[in-house]
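For reference, the chains in residue letters:
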Amino acid sequence: MNPTANRSTPATQPIRRTILNRLAAGITGLVILFYWYYIDTYSVNFPFQDDNSLLLVIAEVKKNLGFRHNLHTFFRAENDHRIFLPRLVGYLDYLLTGSLHFKLYILMAALNMTLVLGLIYRIFRRLNLPFLYFLPIPFFLLQPQFHEVSLWALTGLQHTNLLLFLFTGLYLLEPSAGPGRIALAALLSLLAAFTHGNGPLIFVACGFFLLIQRRYRLLAVWIPLFLVSIGLYLTGYTPGSGVKHTINWAYVPGSFLAKVGAIFSAWGPFGISGSVVWGLVVCGILVPPMVITLIQSLRKERKPNLITDPVFAAFSFVLLTMGLITAFRSTDGIILENRFKIYAAVSAGLVYLYLLCKLAGARRHALLAGFSGLAIGFYFSSFYVYTPEVIYKQSRYAADTYNWRKQQTELCNESSIESSLHFLIPAYREGYWQVPDLFPNLDAPLADAYRTGRPEKVHFEIRRYVSNRTNAPLLEIGTPEVALRREGMHDDLFLVLREEASGRTYLAGTQPRPAGLRKLVLEAGLFTSGFTTVVPIDAMQPGAYRLGCLLKKGDNTYAFVVSDQTIRL
């Protein structure tokens, strides 16, 4: 044995640790930057479904019907929720700029998630561990599995604000908190109650935090505040269509666990079963010590712990949220709603933090290795599995900027938007809804392509059916291969439906067909050249439409394929 080499080993450890920490910090920075780049690339300044309600608020306020009418407009229940905070954000945007900016709200949600990551890091720092041990958490939180939250303005404002209010509230209520911090925590909890249906549960989670820390005087004030918020929330409340009036109890346990462990839905073949098992693991690790902590606190057998206490309180919010969703949205099977998977990602980070606190030495090293592998595998699987759907939604919203500017209609919904036209058209004409022109100078080359272009050999597969959810007639159109394909993240591929007699044209966004693993590895290609799309028949005028394709490249140049197929609506 070389004694000199043996003596130099301890000296090299701080250097190696510094290198690993800086590498982990660099990777985390790249994950954050790519998350923002991804959100910016695949978001569109265009409202989708419930986003339209933010425009309705402006329309109602502009009627000048008085304070009581405006108060009702801001606080009325919509689809099971009181969404005062998103409405307030839209209204303030209108007051400051004169119009609503839906992409801005999406970017605000991205900022919220970045801040949530920072607040979780603040808890992590109390462990006095190298930054390397924090590495799995950004991979859990900053990925597209819950893309309905990331890329849908209203939903993003709801769920990311709830998480931000939760972790901020727990920080503000730490034992060193003064009256100002406590008042701010109460205000954020009250705002959360009027942000989404599970918002009042933040009061409960913060109350649990105070309970296990035996801060009974503050809890005696906190409970009445919670009851007041519930009373205000339920005043005039009527359940929406999302609430089921009967509960199928046979599916409740599996559905609850699957929602808690929903990160495993990124692995298709094991999606449901893997989610149930992982949910059982997460609950099995966190619930027993939560119960023990509660009992010990009531018996005055423990002191407050600023690492595990906020972890337990935050996880109580996840448990209550998943329980509420399971109870009131139960179906005849286990359904993992996309937007609620954000809480499953948070629970994965929480169980990791708890285990970091409890393990040491070689076990902690093994934990880092195991969770890093899980988090990184989940991260890349999420991008591979969900990016086609993300692209589809982005292309549909982009297509509807054209459809609205030309035809005052939208194809991104399953049914016609006729019931909303009474406030959408005035919003557009009066300028507080400004639809971007994403297809400058398209009409002339598109008309030339249809008039003079030689029909390409492309076959569209067409299927008519009725939506199970809305009973609206739909048209599914797809092709296994077309001469145009997306080559970069900023390329968009659209289906063109053009009535040649009148020149009436609609664009429909398309969902790329994922390439197999062989193509992915050998050619670095995510997609084949085929696509599918669904078009709501009621949103289009009757006529005979000749089908074609439009490729809009990242540099705003166009390429066309025109077929000889015609479909009559």
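Residues numbered from 1 in each chain as written. Predicted model: local features only at pLDDT ≥ 70, side-chain atom pairs only at ≥ 80, totals over all residues. Heavy atoms only, no water.

## Here we look at the overall build of the protein chain
Where we set the bar: For the purposes of this entry, the term helix denotes a DSSP run of H or I that reaches at least four residues, the term strand denotes a run of E that reaches at least two, and both are numbered from the N terminus. C-alpha atoms define the radius of gyration in this analysis, and the globule rule sets the expected value at 2.2 Å times the number of residues to the power 0.38. Values of accessible area rely on a 1.4 Å probe in the Shrake-Rupley scheme; residue burial ignores everything except the protein chains shown. The positive count covers Lys and Arg only, the negative count covers Asp and Glu only, and His and the chain ends enter neither. Throughout, a charge is located at the NZ atom of Lys, the CZ atom of Arg, the CG atom of Asp or the CD atom of Glu.
A count of helical and extended segments in the protein chain gives 19 helices and 10 strands. Here the C-alpha radius of gyration of the protein chain, 26 Å, is about what a compact globule of 569 residues would show, namely 25 Å. The C-alpha extent of the protein chain, read off along each of the three principal axes, is 80 × 75 × 50 Å. Counting every atom, the protein chain has about 25200 Å² of accessible surface; 60% of that belongs to carbon and sulfur. Between the mean site of the 52 positive side-chain charges and the mean site of the 35 negative ones, the protein chain shows a separation of 13 Å.

## A short note on the sheet that holds strand β6 (residues 504-509)
Within a beta sheet, neighbouring strands are joined by backbone hydrogen bonds and run either parallel or antiparallel to one another. Here is the rule we go by: When DSSP locates at least two bridges between a pair of strands, those strands are taken to pair. Interaxial angles span 0 to 180 degrees and are taken between N-to-C directions of axes, which are lines fitted to C-alpha atoms, for helices over the stretch in contact.
Pairing is antiparallel across the open sheet formed by 4 strands, whose spatial order is β6-β5-β9-β10. Among the strands making up the open sheet, the edge pair consists of β6 and β10 (558-568). With direction set aside, neighbouring strand axes in the sheet form an average angle of 25°. In this structure, strand β9 (residues 544-552) lies alongside β10, joined through 8 bridges in antiparallel fashion.

## Some remarks on helix α13 (residues 271-298)
Along an α-helix, residues three or four apart share an orientation, since each turn contains 3.6 residues. To keep it simple, the criterion reads: A helix is expected to span 1.5 Å multiplied by its residue count minus one. The seven residues ending at a residue and the seven starting there each receive a fitted axis; the angle between those axes is the bend at that residue. We call a residue buried when its accessible area falls under 20% of the maximum for its residue type, exposed when it is over 50%, and partly exposed in between, using a 1.4 Å probe and counting protein chains only. Throughout, a contact is declared for two residues whenever any of their heavy atoms are within 4.5 Å.
Between its terminal C-alpha atoms α13 stretches 39 Å, which fits the 40 Å expected from 28 residues at 1.5 Å a residue. Bending of α13 peaks at approximately 25° at the position of C283. All buried positions along α13 are accounted for by G271, G274, S275, W278, G279, V282, C283, L286, P289, M290, T293 and S297. If you follow the buried residues of α13, they end up packed against α10 (201-212), α11 (216-234), α12 (252-260), α14 (308-328), α15 (341-358) and α16 (361-407). Just past α13, the residue K300 takes up positive phi, approximately 60°.

## Structural notes on the side chain of Q565
Selection rule: In protein, a polar contact means a hydrogen-donor-capable atom and an acceptor-capable atom, both N or O and within 3.5 Å, with residues adjacent in sequence counting only if both atoms are side-chain atoms; elsewhere, any N or O pair within 3.5 Å suffices.
Counting through the fold element by element, Q565 comes out in strand β10. Within the local environment of Q565, its side chain forms a polar contact with the backbone nitrogen of F460, the two atoms lying 2.6 Å apart. Apart from residues no more than four positions distant in its own chain, Q565 is found in contact with V458, H459, F460, I462, Y545, R546 and L547.

## A short note on α12
With respect to burial, α12 is a largely interior element, 7 of its 9 residues being buried. Looking only at α12, the buried set comprises V252, G254, S255, L257, A258, K259 and V260.

## Quick word on the side chain of N21
Tracing the backbone through its elements, the reader meets N21 in helix α1 (residues 3-41). A residue is classified by how much of its surface remains accessible, and N21, at 19% relative accessible area, is buried. Beyond its immediate sequence surroundings of up to four residues, N21 is in contact with P130, F131 and L132.

## Some words on the packing of α12 against α14
This is how it is decided: To sort the angles, those under 35 degrees are grouped as roughly parallel, those over 145 as roughly antiparallel, those from 65 to 115 as roughly perpendicular, and the leftovers as oblique. Two helices crossing with the near one rotated counterclockwise from the far one by less than a right angle form a left-handed crossing, whereas a clockwise rotation gives a right-handed crossing. Residues are sorted three ways: Asp, Glu, Lys and Arg are charged, Ala, Val, Leu, Ile, Met, Phe, Trp, Tyr, Cys and Pro are nonpolar, and all the rest, Gly among them, are polar.
Orientation of α12 relative to α14, taken along the N-to-C sense of each, is 135°, at an axis distance of 9 Å. Here α14 runs oblique to α12, going by the angle between their axes. Here the hand of the crossing between α12 and α14 comes out right-handed. Where α12 approaches α14, its residues V252, S255, F256, K259 and V260 are matched on the opposing element by F315, L319, M322, G323, I325 and T326. Partitioned by chemical class, the residues of the contact of α12 with α14 number 7 nonpolar, 3 polar and 1 charged.

## Remarks on the packing of helix α5 (residues 102-125) against helix α8 (residues 153-172)
A pair of packed helices is captured by two measures, namely the crossing angle of their axes and the spacing between those axes. Taken N-terminus to C-terminus, the directions of α5 and α8 make an angle of 25°; their axes are 8 Å apart at the nearest point. For the element pair α5 / α8, the angle class is roughly parallel. Crossing handedness for the pair α5 and α8: left-handed. Grouping the amino acids of the contact of α5 with α8 by side-chain chemistry returns 17 nonpolar, 5 polar and 1 charged.

## Remarks on the packing of aromatic side chains
Heads up, the rule is: Two rings from Phe, Tyr or Trp (for Trp, the six-membered ring) form a pair when their centres are within 6.5 Å of each other. A pair whose planes differ by under 30 degrees is stacked, one over 60 is edge-to-face, and the rest are tilted.
Enumeration over the complete set of coordinates arrives at 43 aromatic pairs. An angle of 40° between the planes, with centres 4.8 Å apart, marks the rings of W404 and W433 as tilted. Separated by 29 residues along the polypeptide, W404 in helix α16 and W433 in the loop between α17 (421-430) and α18 (443-452) bring together distant segments of the chain. This pair shows no difference in class: W404 is buried, exactly as W433 is. Through pairs of rings, three or more aromatic residues link up here, namely F34, Y37, Y38, Y42, F139, Y379, F380 and F383.

## A short note on the nonpolar core
Definition in use: Only buried residues count toward a nonpolar core, which is a set of Ala, Val, Leu, Ile, Met, Phe, Trp, Tyr and Cys residues joined through side-chain atoms within 4.5 Å.
One finds F167 and F315 to be the most contacted residues of the largest nonpolar core, which totals 131 residues. F315 has contacts with V260, V282, C283, L286, V287, M290, S347 and L350, leaving out every residue within four places of it along the chain. Counting residues in hydrophobic clusters, the runner-up holds 24 residues, among them L411, V482, L493 and L497.

## Focus: unusual backbone geometry
It is generally the case that most residues other than glycine have a negative phi and that most peptide bonds are trans. Despite not being glycine, N64 has its phi angle at roughly 55°, a positive value. In this fold, N64 is placed in the loop between α2 (52-61) and α3 (67-75). Judged by its relative accessible area of 67%, N64 is exposed.

## Quick notes on the sheet that holds strand β7 (residues 511-514)
Here 4 strands make up an open sheet; going across it, the order is β3-β4-β8-β7 and the pairing antiparallel. Single-partner strands in this sheet number two, and they are β3 (461-466) and β7. Ignoring which end each strand starts from, the neighbouring axes of this sheet average 25° apart. Where strand β4 (residues 473-479) and strand β8 (residues 527-536) come together, 6 bridges link them in antiparallel fashion. From the neighbouring strand, G478 faces β8, where its bridge partner is T532.

## What to know about the pairing of β8
In terms of burial, β8 is largely enclosed, as 7 of its 10 residues are buried. Where β7 meets β8, 3 bridges bridge the pair, whose relative direction is antiparallel. Paired with P514 across the strands is F527, a residue of β8.

## With respect to the pattern of salt bridges
Which entries qualify depends on this criterion: Counted as salt bridges are all cases of a side-chain nitrogen of Lys or Arg within 4 Å of a carboxyl oxygen of Asp or Glu.
Per the stated rule, a full pass over the model turns up 17 salt bridges. A salt bridge links R504 to E499, with the shortest nitrogen-to-oxygen separation between them at 2.8 Å. By relative accessible area, R504 is classed as partly exposed at 22%.

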